[in-house]
Structures are given as structure tokens and as C-alpha cells.
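Chains, contacts and geometry: an overview
These are the residues of each chain, in order.
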Amino acid sequence: MNIAIMGAMPEEIEPLLDYYGKYETIEYAKNNFYLVDYKGHRLVIAYSKIGKVYATITALTMIKKFKCQKLLFSGVAGAISDDLGIGDLTVATKLSQHDLDITAFGHPYGFVPEGSVYEESNGELIGFAKEIAEQKGIKLKESIIATGDQFICDQDKKEWIGKTFKASAVEMEGAAVALTCNAVGIPFFILRSISDAADMDASFDFDEFLKSSSKRSADFMISMVEKIIDNAK
Ligand code: ADE
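First, a word on scope: everything that follows refers to the structure included in this document. These figures come from a predicted structure and were not determined experimentally.

As for the site of the ligand
With respect to spatial proximity, 13 residues lie near the ligand, and among them Gly78, Phe151, Ile152, Glu171 and Asp196 are the closest. Take Gly78: an N or O atom from its main chain is 3.2 Å from a nitrogen atom of the ligand. The contact in question runs from a nitrogen atom of the ligand to an N or O atom on the backbone of Ile152, over 2.8 Å. Relative to its unbound accessible area of 270 Å², the ligand is 97% covered by the protein chains. Put simply, the parts of the chain that give the shell around the ligand at least two residues each are strand 5 (70-79), strand 9 (169-171) and strand 10 (188-196).

Overview of the packing of aromatic side chains
Counted according to the given criterion, the structure contains seven aromatic pairs. Aromatic side chains Tyr109 and Trp160 sit 4.8 Å apart centroid to centroid with 90 degrees between the ring planes, which places their arrangement in the edge-to-face category. Residue Tyr109 is found in the loop between strand 6 (89-97) and strand 7 (119-120), and its partner Trp160 is found in helix 4 (residues 155-165); the two are separated by 51 residues along the sequence. What makes Tyr109 partly exposed here is its relative accessible area of 30%.

Observations concerning the nonpolar core
Residues Met6, Met62, Leu71, Leu95 and Val177 are the most contacted members of the largest nonpolar core, which totals 35 residues. Here Met6 is in contact with Ile13, Ala46, Ser48, Ala55, Thr58, Ala59, Met62, Leu71, Leu72, Phe73, Ser74 and Val177, once residues within four sequence places are set aside. Residues Tyr20, Val36, Ile45 and Ile132 belong to the second largest nonpolar core, which totals 31 residues.

Section: the pairing of strand 10
The element strand 10 is extensively covered by neighbouring structure, given that nine of its nine residues are classed as buried. Relative to strand 10, strand 5 is paired through eight bridges, and the arrangement is parallel. The partner of Gly78 across the bridge, within strand 10, is Asp196. With three bridges connecting them, strand 6 and strand 10 associate as antiparallel partners. Pairing of Leu89 across the sheet is with Ser193, part of strand 10.

Describing the packing of helix 1 (residues 10-20) against helix 6 (residues 202-231)
Closest axis-to-axis distance for the helix 1/helix 6 pair is 8 Å, and the angle between their directions is 50 degrees. What the angle tells us is that helix 1 and helix 6 run oblique. Between helix 1 and helix 6 lies a crossing of right-handed hand. Along its contact with helix 1, which presents Glu11, Glu12, Pro15, Leu16, Tyr19 and Tyr20, the element helix 6 presents Leu210, Ser214, Lys215, Ala218, Ile222 and Val225. Per-class residue counts for the contact of helix 1 with helix 6 are eight nonpolar, one polar and three charged.

With respect to unusual backbone geometry
Of note in the backbone geometry, Lys30 takes a positive phi value of approximately 60 degrees without being a glycine. In this fold, Lys30 is placed in the loop between strand 2 (24-28) and strand 3 (31-38). In this structure Lys30 comes out as exposed when scored by relative accessible area, which is 77%. Residue Lys67 is not a glycine yet carries a positive backbone phi of 55 degrees. Structurally, Lys67 is set in the loop between helix 2 (52-64) and strand 5.

The rules behind these values
- Residues numbered from 1 in each chain as written.
- Predicted model: local features only at pLDDT ≥ 70, side-chain atom pairs only at ≥ 80, totals over all residues.
- Heavy atoms only, no water.
- Near = heavy atom within 4 Å.
- Polar contact = N/O pair within 3.5 Å; in protein donor to acceptor, adjacent residues only side chain to side chain.
- Areas by Shrake-Rupley, 256 points an atom, 1.4 Å probe, with all protein chains shown as cover.
- Helix = DSSP H or I, 4+ residues; strand = E, 2+ residues; numbered from the N terminus.
- Phe/Tyr/Trp six-rings, centres within 6.5 Å; stacked < 30°, edge-to-face > 60°.
- Buried < 20%, exposed > 50% of the residue type's maximum accessible area, 1.4 Å probe, protein only.
- Core = buried A, V, L, I, M, F, W, Y, C linked by side-chain atoms within 4.5 Å.
- Contact = heavy atoms within 4.5 Å.
- Pairing = 2+ DSSP bridges.
- Axes fitted to C-alpha atoms, helices over the stretch in contact; angles between N-to-C directions.
- Parallel < 35°, antiparallel > 145°, perpendicular 65-115°, else oblique.
- Left-handed = near helix turned anticlockwise from the far one by under 90°.
- Nonpolar A, V, L, I, M, F, W, Y, C, P; charged D, E, K, R; others polar.

So, in C-alpha cells, the structure goes:
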């Protein structure tokens, strides 16, 4: 099986490259893809760069060019819910684009005709994650995640996103990856570790916790890969 593991920033995939160690680098569409042969399977690791457009290009490249049959996303997010603290892990149950707005035509936020407000995640992969969390005694939350091409660092905006989308966390790629995968029928799993609270301290906290939170997410993702491979036997 070919399994994609993507992040948005170098820090989000570096712990994975360090862990798997040996990889081949292929350049395509102005990005690097790191190919790992692992236990008879192929892992394709890449960071997309920040935002929905870059994330879409990378996700579709991993699926179509590198023939990935499952896609895992590992990275950081800002907390909207007070239940999520720095370093906490949350999986996306469904995702929405908070900056998609044609409400002028009577549509809800996050909706365009022939689309849907939310993209649903794959239940089986979330099930695997819950089993891992239970076995390892790791606290794993489940969240609706809101995605947009904005770094949220404002209390009012954060509350608006939380209220409008019932979202517990915010980031800048997840819904794009989800939409891409669902469009072509590829199961995906989006995991985020909290780096900040999307408030006035967010940019400071993000810089402070990007590396440690990325590592937490990546460490969990390594167990996910193991579980997926075991399950494919
Ligand atoms: N990713 C991590 N923190 C974020 C924030 N506050 N806004 C958007 N994306 C983020």
C-alpha cells in the first residue's frame, strides 16, 4: 500500500523523516516528496506549504502521481475550545472552510452550490486512532476543525468561527485536504496538536510551540502508520 503523510510546514514532517531515516527525494510541482520503503509498503511524505491551495496541490499529487491509497495529515492547530490546551491532540471528525463566504446569495458560511458545509472524515481511521490512544493512554480529542487562509489571532474572530461552525480548532489546510480526498474517494485522517489558542498571544505561542506540538502529532502518526499496515495484513 502507498500511504501519504503530509504536513504544511517543514517542522511538521521533520520528526517523520528523522524517524524513518532513509528516503528518496523526488521533486514535482515545485515541491519535494520523500519516498520511504517501509515493511513492504511505500510512505510518501511531504509538506505542502501553508494554506488551502498548496495543500490541495500536494494532496492530489500524493494521490494521483504517487498513487497513495490513504492520506494522513499531521500538524498543529489553534484551539478554539477551552477544552484544548497546548500540546493536546485532536482528530478532525469533519472540516469546514471558515473563509468561504457567498452568504450574499443566501447560502450558509462554508457552502458553495454542489458542495457541502462540512467534509466528513473516515470512520475507520478515527477508530484506529482511538484504539492507539487507549492502548497508549494518550488523551485524544475529536473536533470539528475549521480551515481558512488566515492565521487566527483575534478573540472575536475565534469566537465567530467557533459559533458558526461548531469548531473546536482552527488551521489552514485540513478542509482542503478533506475535500480533495473525498472528491476522489481516498480515506483521510487529519491529526493536529495545539500550538496556540488563536487569540492575541497566538503568533508568540505558535513560534514557541510549533516544534514540540508538531512532534507530538508526528509521534502519534507513526503509530497510525503501524496500525494501518498491521490491518492490511
Ligand atoms: N495553525 C496553528 N495555529 C493557528 C491559528 N491560530 N490560526 C490558523 N492556523 C493555525
